[in-house]
Amino acid sequence: MKAIILAAGRGSRLDELTSDKPKCLNKVGESTMLEWQLSALRSGGVDTIIVVTGYKSNRIEEYNVKILKNNRWETTNMVSSLLCASEEFDQPIIVSYSDILYSSEVVSSLCSQEEDAVVVYDLNWRELWEMRFEEPLKDAETFRIDSKGLIQDIGQPASNFRDIQGQYIGLMRFTPHALDWIKKLVTKLKYKVDKIDMTTLLRLLIKSGHPICGMAIQGGWCEIDTVDDLKLGNKLYSEGFLKLTL
């Protein structure tokens, strides 16, 4: 099993905390977010880890991982960063945002999935969002899934809580077959690829008739997008909400 961590962007909403390093090198507890991710992935069954870098790429070179660089990180989005690693699309791959924290158990469960495309989502998302935002609905995105476990909608602005059956966390798994869907879709999109984000890509795959499955978790993770998120992440870690181990 391989994993690709998408770590090309700066994370400007962390202000001066990313002035000299990518945001995944900020610490939660005693370790950086990247260190927590590497540990969770390796303990969960991943053999090879590739990090797609961009901003301050040299700061990640000290870690024992394969690095691929998105030289256009300032003008492209996560899908373009994923495509920088297309040479690795020869076996099942876990794709992870670099600014999320999760347990090795989630990784292990994701590794064991048999479907071609599996996206992790949190059923208890509202508890975390209410700690992060005064008005959770303003930042939350749509997520609808059917009785067969197939995602019907993801990543759009939500007007009510009924449209949110969970929240996408930024962790997923693709087989080579599903990665081939992505490559064919990207060929059709051409120049538009630079501007689309991951949830837009997933919506386009769904619209094209490809089955994108959901894997539910119930809390135990967090996203670090702002200075307040980093403070909250450290609080959640100290209180045992995050099940992280090195």
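Up top is the structure these notes are about.
To start, this report covers the structure provided alongside it.

Rules used in this analysis
Residues numbered from 1 in each chain as written. Predicted model: local features only at pLDDT ≥ 70, side-chain atom pairs only at ≥ 80, totals over all residues. Heavy atoms only, no water. Helix = DSSP H or I, 4+ residues; strand = E, 2+ residues; numbered from the N terminus. Buried < 20%, exposed > 50% of the residue type's maximum accessible area, 1.4 Å probe, protein only. Axes fitted to C-alpha atoms, helices over the stretch in contact; angles between N-to-C directions. Parallel < 35°, antiparallel > 145°, perpendicular 65-115°, else oblique. Left-handed = near helix turned anticlockwise from the far one by under 90°. Contact = heavy atoms within 4.5 Å. Nonpolar A, V, L, I, M, F, W, Y, C, P; charged D, E, K, R; others polar.

Glycine aside, a negative phi is what most residues show, and trans is what most peptide bonds show. If you check the backbone angles, Asp15 has positive phi at about 55 degrees while not being a glycine. Within the secondary structure layout, Asp15 lies in the loop between strand S1 (2-7) and strand S2 (27-28). You can call Asp15 partly exposed: its relative accessible area is 43%.

Running from N to C, helix H4 (residues 125-132) and helix H8 (residues 227-238) point in directions that differ by 125 degrees, and their axes come no closer than 10 Å. When the interaxial angle is binned, H4 and H8 end up oblique. For H4 against H8, the interelement crossing comes out right-handed. Contact with H4, carried on its side by Leu128, Met131 and Arg132, involves Asp229, Leu232 and Leu236 of H8 and no other residues of that element. Taken together, the residues that form the contact of H4 with H8 break down as four nonpolar, no polar and two charged.

So, about the environment of Glu61. Here Glu61 lies in the loop between strand S4 (48-53) and strand S5 (66-69). With relative accessibility at 53%, the residue Glu61 sits in the exposed group. Along the backbone, Glu61 and Val51 are 10 residues apart, and their C-alpha atoms lie at a distance of 9.6 Å.

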